[in-house]
Amino acid sequence: MTMLGTKRLTSFLRTLTMTSVLALAAVLPTGSAWAQVAGGELVVVQGSNPPSLDAMATSSGASRNINLNVYETLYGFDENVVPMPILAEGVNISEDGLTYVFPLRQGVKFHNGDEMKATDVKASLERYLKVGATPNLEPIEKIEVTGDYEVTLTMKRVTPTFLEAFSNPRSPAVIIPEEDINAEAGKTSLVGTGPYKITEYVPDSHVTLEKFADYTQDTRYAGPDGFGGKKTAYFDKVTFRIMPEPGAQVAALEAGEVDILDQIPVPAARRLANDANIKLYENLQWAFGTLILNANEPPTDNVKFREAVQVALNMEEIVGIASEGLFAANGGWAYPGTPYDVGDVGAADYYNKHDAEKAKALLAEAGYNNEPFTIITDNTIPFHGRAAVVIAEQLKAVGINVVINQVDFPTVLNLRMQDTGWNGWTLTMGIEPYLGPVAIVSTLTGKRPHFVKHDPELEALYQELITGATPEARKATFEKVQKRLYEYFGIIKLGDTGQMQASRANIEGFKTFRIPRVYDIWRAN
Amino acid sequence: MLLFIARRLLSAIPVLFVVSLMTFVIMWLVPGDVSAEIGGTDATPEQIQQIREQLGIDRPLLERAVNWYGNLLRGDLGHSYLLNRSVVDAVLERLPVTLSLAGLSLVLATIMGTLLGILAAVRHNSWVDQGSMVAALIGLSIPDFWFGLVLIILFGVTLGWLPTGGFVPITEDVLGWVRCMTLPALTLAFTQMGVIARMTRSSMLDVLDQDFVRTARAKGMRARTVIFKHALRNALVPIVTVVGVTAGVLLSGAVVIESVFSLPGVGRLIVGSIQRRDFPVIQGGLLVTASIFVFVNIVVDMLYGWLDPRVRDER
């Protein structure tokens with residue numbers, strides 16, 4: 001055969017192959033319905049160590065990423081952040097709102113082979129009251145075993161938002177074996193009921209999970225949903241590698257040594273956008289960028305000064321630079337399109353105005369006399385430091401004497417606990433906006449509001465919010481909250497910042513979420 | 001010799017005491033503690049205080065110091081606040097990584113640095129001398145994290161010959177260990193060899209001018225024998241000093257390289273503990289690090305005696 005003939009044949013075969021592929025693609029079911037492949041190892045990368053694998057005792061995101069693939073709760077949030085039963089069959093709430101009866105799913109196995117029963121649930125919730133990292137279960141007065149598979153909670157007071165708090169994944173109220181009831185924080189046997197079990201933890205190196213062969217799927221659902229649903233573990237082994245250096249993380253993904261990056265720097269994602277071996281996942285509703293003002297320390301004790309800061313700022317510049325371009329300029333205190341989104345109520349006249357003249361007029365009205373405006377920030381979370389620098393430059397332009405005090409994160413957390421000595425603090429709120437209005441407002445009220453000095457009006461609105469009987473009533477209250485935040489100016493919303501994740505192209509089923517769910521994903525052949 | 005070692009070991013005690021005391025005071029002065037890491041951004045002052053009480057970090061500095069030294073005398077370095085293990089275990093499980101990295105890079109840096117230095121001294125004022133010293137200077141000047149990332153991109157991503165990071169213990173897989181240690185060891189060796197090369201060159205230049213070298217050459221001895229047997233041996237004392245200091249630095253943890261190559265070594269342990277204010281690990285880790293420095297210095301002193309009989313006689 002001549003060279004020309006060979007080329008013609010090759011060309012014909014190529015055409016035939018392509019036609020066949022297209023025909024097959026038209027006939028076969030689309031997407032993942034037929035393609036799941038079991039087995040193998042998945043390697044997920046995150047930047048920092050989990051401070052603890054005792055899920056209820058830590059509120060760290062690095063821990064949550066791993067723990068919520070290992071442990072489960074009675075109730076958790078579904079994909080739309082609505083409470084759904086996971087280990088419970090459901091809940092019966094008494095008419096007076098003071099008794100919650102949780103029938104449990106039967107036949108659910110712990111990683112140690114024992115069956116989960118009501119005594120384990122009682123022990124877990126009692127332990128949470130002792131070592132839990134949030135006060136979410138505080139309204140509970142009594143926990144009783146009312147059957148082998150039934151637990152009854154009696155409340156101290158009516159708390160309409162209890163089920164939301166109970167489903168909160170921040171420091172989840174996970175169910176662990178009764179034997180761990182007296183374990184100190186961080187010293188449990190690491191046994192849960194989830195689709196994966198922990199087999200090894202080497203700090204600064206990796207956490208290894210193994211598929212739990214006896215995992216009891218929740219067959220009430222068709223597939224995974226939020227933190228619950230029907231979960232299927234396809235990979236035999238999952239390794240969470242701890243890699244602090246973003247450049248090395250990206251290199252490892254490009255080399256095919258790891259499968260998923262929990263977070264990829266935006267510039268690197270842009271570079272890899274056309275790489276056929278890499279998939280990118282964008283989650284714009286990841287965190288709120290904020291600037292908190294100390295209402296107890298001059299000059300930010302003056303509401304007119306705080307208002308001047310608010311109107312002086314160009315949010316697109318600040319969040320654009322701080323987030324490396326993955327952001328939305330949103331002045332609302334809920335993500336657009338989410339149940340509590342009240343639009344730009346209160347924000348319309350103040351957000352992203354960068355009105356230098358108005359700011360100067362307000363400074364004059366406040367009697368500002370070039371006192372230092374000290375911003376505390378850290379270098380641990382790059383957004384914080386970068387936002388502080390841009391804010392400082394914008395405020396200097398309107399005549400504010402800005403001083404940046406950049407230290408490490410523990411020092412910032414120590415400084416912000418002081419009533420004086422600082423005026424501004426850059427902070428990203430990650431989990432709070434996801435959890436909704438109560439979680440956000442709780443940080444601005446109570447024993448230690450972020451802006452130090454209590455605002456009685458906001459305190460009253462918080463009480464109205466947590467006792468609102470229906471979601472509609474709570475949304476109406478939240479509208480008032482947002483309006484109030486744009487009158488008090490104790491915390492300034494900079495914008496919504498996104499999270500970019502990446503995986504190898506052959507990883508199927510992965511969806512961006514609050515945690516990297518390692519179940520219901522698989523490697524395509 | 002035994003008396004010498006015993007004397008040196010005894011003199012190390014006040015050094016280690018001062019180091020640990022300074023660590024105590026510095027960490028006491030640094031604002032913030034581990035309660036912030038555990039409590040998170042939304043913790044109330046009451047929650048922070050509760051954590052501090054549980055961990056005993058609310059107690060006076062003197063009381064904590066007395067407790068710590070008392071435990072130290074019983075061989076107990078305490079328990080990490082965050083790692084759920086004793087400080088001794090936390091440090092010991094990192095040592096194989098640090099020893100691997102330090103050992104390999106020290107061998108590579110010493111071989112490359114010494115050869116480069118000898119070459120420069122023997123071809124003094126030639127292009128070979130200039131070229132060698134430029135190479136040494138480049139090694140000294142380039143940031144190690146940048147060089148490490150370049151090697152990762154070249155050998156890990158583009159060529160795919162070596163892994164981009166991670167650690168495989170030599171006891172599990174020898175080839176895996178060699179593969180994962182090659183790039184970090186090369187990076188560290190390249191950045192450390194400059195000092196050794198420069199010291200070797202200047203030390204060799206001093207020796208090569210001396211009468212006994214001229215005599216050796218005059219009696220027709222081979223150039224290689226003159227350089228390696230007579231000149232180098234006499235030039236070794238300052239080189240050993242530099243290698244000793246380098247060994248101390250490497251053994252106490254090369255934090256940046258450990259981070260770039262995701263190696264769970266002692267350096268990352270200590271720096272991570274400082275960032276999280278895990279006092280027992282900082283205190284214990286620095287004590288171990290200081291002990292390694294002291295030990296390396298003793299070994300270097302012993303080597304002086306072996307290399308130069310005059311030093312041995314003085315003792």
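Residues numbered from 1 in each chain as written. Chains lettered and ligands numbered in written order. Predicted model: local features only at pLDDT ≥ 70, side-chain atom pairs only at ≥ 80, totals over all residues. Heavy atoms only, no water.

## Details of the overall build of chain A
Helices and strands together make up the secondary structure of chain A, namely 15 helices and 21 strands. Over its C-alpha atoms chain A spans a radius of gyration of 26 Å, differing by no more than 12% from the 24 Å that the globule rule assigns to 525 residues. For chain A, the C-alpha atoms occupy an extent of roughly 90 × 75 × 40 Å along the three principal directions. Residues counted as buried form 54% of the 525 residues belonging to chain A. Long-range pairs, those at least 24 residues apart, make up 73% of the contacts in chain A between residues at least 6 apart in sequence. For chain A, the accessible surface area stands at approximately 20800 Å², while carbon and sulfur atoms represent 52% of it. Positive and negative charge centroids in chain A, built from 47 and 64 side chains respectively, lie 4 Å apart. (Helix = DSSP H or I, 4+ residues; strand = E, 2+ residues; numbered from the N terminus. Rg over C-alpha atoms; globule rule 2.2 N^0.38 Å. Buried < 20%, exposed > 50% of the residue type's maximum accessible area, 1.4 Å probe, protein only. Contact = heavy atoms within 4.5 Å. Areas by Shrake-Rupley, 256 points an atom, 1.4 Å probe, with all protein chains shown as cover. Lys, Arg positive; Asp, Glu negative; His and termini not counted. Charge placed at Lys NZ, Arg CZ, Asp CG, Glu CD.)

## Topic: the overall build of chain B
When you go through chain B residue by residue, the secondary structure sums to 14 helices and zero strands. Taking the principal axes of the C-alpha coordinates as reference, chain B spans close to 85 × 55 × 35 Å. The buried share of chain B, reckoned over its 315 residues, is 48%. Sequence separation of at least 24 residues holds for 73% of the intrachain contacts in chain B that already meet a minimum separation of 6. Total accessible area on chain B is roughly 15600 Å²; 67% of this is exposed by carbon and sulfur atoms. On chain B, the mean spot of the 25 positive side-chain charges and the mean spot of the 23 negative ones are 13 Å from each other.

## A few points about the sheet that holds strand β4 (residues 92-93) of chain A
All names here are of chain A. Pairing in this open sheet of four strands is antiparallel, and the strands run β4-β5-β7-β6 from one edge to the other. Because the sheet does not close on itself, it has two edges, and the strands there are β4 and β6 (140-147). Bridging between β4 and strand β5 (residues 99-103) involves two bridges; their strand directions are antiparallel. Residue pairing across strands places Ile93 opposite Tyr100, the latter belonging to β5. (Pairing = 2+ DSSP bridges.)

## With respect to the environment of Thr188 of chain A
Residue and element names in this part refer to chain A. Among the structural elements, Thr188 can be located in the loop between α4 (162-167) and β8 (196-202). For Thr188, a relative accessible area of 12% corresponds to the buried category. Measuring from C-alpha to C-alpha, the distance between Thr188 and Leu129 comes to 15 Å, with 59 residues separating the pair along the chain. Dropping the residues within four chain positions of it, Thr188 is found in contact with Asp54, Tyr71, Arg127, Ile176, Asp180 and Ala183.

## So, the pairing of β8 of chain A
Residue and element names in this part refer to chain A. Sheet analysis places β8 next to strand β9 (residues 206-211), joined by six bridges and oriented antiparallel. Looking at β9, one finds that Glu200 is bridged to Thr208. Hairpin geometry of β8 and β9 is characterised by an intervening segment of three residues between the two adjacent antiparallel strands and by a positive phi of about 70° at Asp204.

## Details of the packing of helix α5 (residues 87-122) of chain B against helix α8 (residues 174-208) of chain B
Residue and element names in this part refer to chain B. Close contact between α5 and α8 brings their axes to 4 Å; oriented N to C, the two are set at 35°. At the point where α5 passes α8, the crossing takes the right-handed sense. Its residues placed into classes, the contact of α5 with α8 shows 25 nonpolar, eight polar and one charged. (Axes fitted to C-alpha atoms, helices over the stretch in contact; angles between N-to-C directions. Left-handed = near helix turned anticlockwise from the far one by under 90°. Nonpolar A, V, L, I, M, F, W, Y, C, P; charged D, E, K, R; others polar.)

## Considering helix α10 (residues 223-251) of chain B
Its 29 residues give α10 of chain B an end-to-end C-alpha distance of only 36 Å, which falls more than 12% under 42 Å, the value for a rise of 1.5 Å per residue. Within α10 of chain B, the axis deviates most sharply at Leu232 of chain B, by approximately 50°. (Expected span 1.5 Å × (residues − 1). Bend = angle between axes of the 7 residues up to and from the residue.)

## With respect to the nonpolar core
Ranked by internal contacts, the top residues of the largest apolar core, which has 75 residues, are Val258, Leu261 and Ile264 of chain A together with Leu101, Ile152, Met204 and Phe261 of chain B. Non-local contacts of Leu261 of chain A, meaning those with residues more than four positions away in its chain, are made with Val45, Gln249, Val250, Leu253, Gln501 and Ala502 of chain A. Within the second largest apolar cluster, 67 residues are counted, among which are Tyr340, Leu362, Val441 and Tyr462 of chain A. (Core = buried A, V, L, I, M, F, W, Y, C linked by side-chain atoms within 4.5 Å.)

## A closer look at the layout of surface pockets
Here the second largest pocket defines a volume of roughly 710 Å³. Across the lining of the second largest pocket, the residue classes tally to 11 nonpolar, eight polar and nine charged. (1 Å grid on protein atoms, 1.4 Å probe; cavity = no way out; pocket = protein on both sides within 12 Å on 5 of 7 lines; lining within 4 Å. Points joined across faces, edges and corners; volume = space filled by probe spheres on them.)

## Some words on the interface of chain A and chain B
Listed as interface residues are 39 residues of chain A and, on the opposing side, 40 residues of chain B. Approximately 3000 Å² of surface area, both sides summed, lies buried where chain A meets chain B, with 52% of it carried by carbon and sulfur atoms. On the chain A side of the interface with chain B, the three residues burying the most area are Pro203, Asp204 and Pro410 of chain A, jointly 17% of the side's total. Applying the counting rule to chain A against chain B returns three salt bridges. (Buried area = accessible area lost by both parts, 1.4 Å probe. Salt bridge = Lys/Arg side-chain N within 4 Å of Asp/Glu carboxyl O.)

## Focus: helix α1 (residues 2-29) of chain B
End to end, α1 of chain B covers 41 Å across 28 residues, agreeing with the expected 40 Å (1.5 Å per residue, within 8%). For α1 of chain B, the elements touching its buried residues are α4 (61-73) and α13 (279-307) of chain B.

On their own, these measurements won't tell you what the molecule is for.
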